[in-house]
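Breakdown of the fold
The residues making up each chain are set out below.
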Amino acid sequence: MDEKIRFDIEFPIHASPQLLYQYISTPSGLSEWFSDNVNSRGELFTFIWDDSEEQAKLLSKKSDERVKFRWIADEDDKSVYFEIRIQVDEITKDVSIIITDFAEEDEIDESKMLWENQISSLKQVLGSA
């Protein structure tokens, strides 16, 4: 397996950090935009798409600010995770979502496109598309 490379992408979004946090940290919020369905049992989240499912462990979260997960499939590599962070510009009060994720070198563009689609879905759910 190739080493995964970290990438960050930022998306401006018109929503309050409190509202956004509900959509990035709860199973019901995540199932509105990230996958078809999400179940959680403690720190273990199961993301369901059509006929496949992936499990991720919630590594950390900070209210109205960020959530950080590691896919169970990546459990062997402790440096790999994905994080959804809410950032508010102190001066303009503009809100952005910053995604930190890891992918193999030849899959980075594909991963970024996937995130762009996911965040586009989130914006539609929020009515800020």
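Presented here is a report on the structure given in the accompanying data block. The structure displayed is predicted, hence computed values, not measured ones. (Residues numbered from 1 in each chain as written. Predicted model: local features only at pLDDT ≥ 70, side-chain atom pairs only at ≥ 80, totals over all residues. Heavy atoms only, no water.)

1. Examining the overall build of the protein
Scanning the protein from N- to C-terminus turns up 3 helices and 7 strands. Along the protein, from the amino end to the carboxyl end, the secondary structure elements read β-α-α-β-β-β-β-β-β-α. For 129 residues, the compact-globule estimate of 2.2 N^0.38 gives 14 Å, and the protein sits close to it at 14 Å. Dimensions of the protein, computed from the C-alpha atoms along their principal axes, are close to 45 × 30 × 25 Å. Expressed as a percentage of its 129 residues, the buried residues of the protein come to 41%. Sequence-distant contacts in the protein: of pairs separated by 6 or more residues, those separated by 24 or more amount to 45%. For the protein, the accessible area works out to roughly 7700 Å², and carbon and sulfur atoms hold 43% of it. Treating the 14 positive side-chain charges of the protein as one cloud and the 29 negative ones as another, the clouds have centres 9 Å apart. (Helix = DSSP H or I, 4+ residues; strand = E, 2+ residues; numbered from the N terminus. Rg over C-alpha atoms; globule rule 2.2 N^0.38 Å. Buried < 20%, exposed > 50% of the residue type's maximum accessible area, 1.4 Å probe, protein only. Contact = heavy atoms within 4.5 Å. Areas by Shrake-Rupley, 256 points an atom, 1.4 Å probe, with all protein chains shown as cover. Lys, Arg positive; Asp, Glu negative; His and termini not counted. Charge placed at Lys NZ, Arg CZ, Asp CG, Glu CD.)

2. Things to note about the packing of aromatic side chains
Under the defined criterion, the tally for this structure stands at 15 aromatic pairs. With a centroid separation of 5.6 Å and 40° between ring planes, the pair formed by F34 and W115 is classed as tilted. In this pair, F34 is assigned in the loop between α2 (27-33) and β2 (37-41) and W115 in helix α3 (residues 108-126), connecting sequence segments 81 residues apart. Accessibility classification places F34 together with W115 in one group, the buried group. Judged by centre distance (5.9 Å) and plane angle (50°), the ring pair of F82 and W115 falls under tilted. Highlighted residues: F82 in strand β6 (residues 82-88) and W115 in helix α3, separated in sequence by 33 residues. Of the two residues examined, F82 and W115, each falls in the buried class. (Phe/Tyr/Trp six-rings, centres within 6.5 Å; stacked < 30°, edge-to-face > 60°.)

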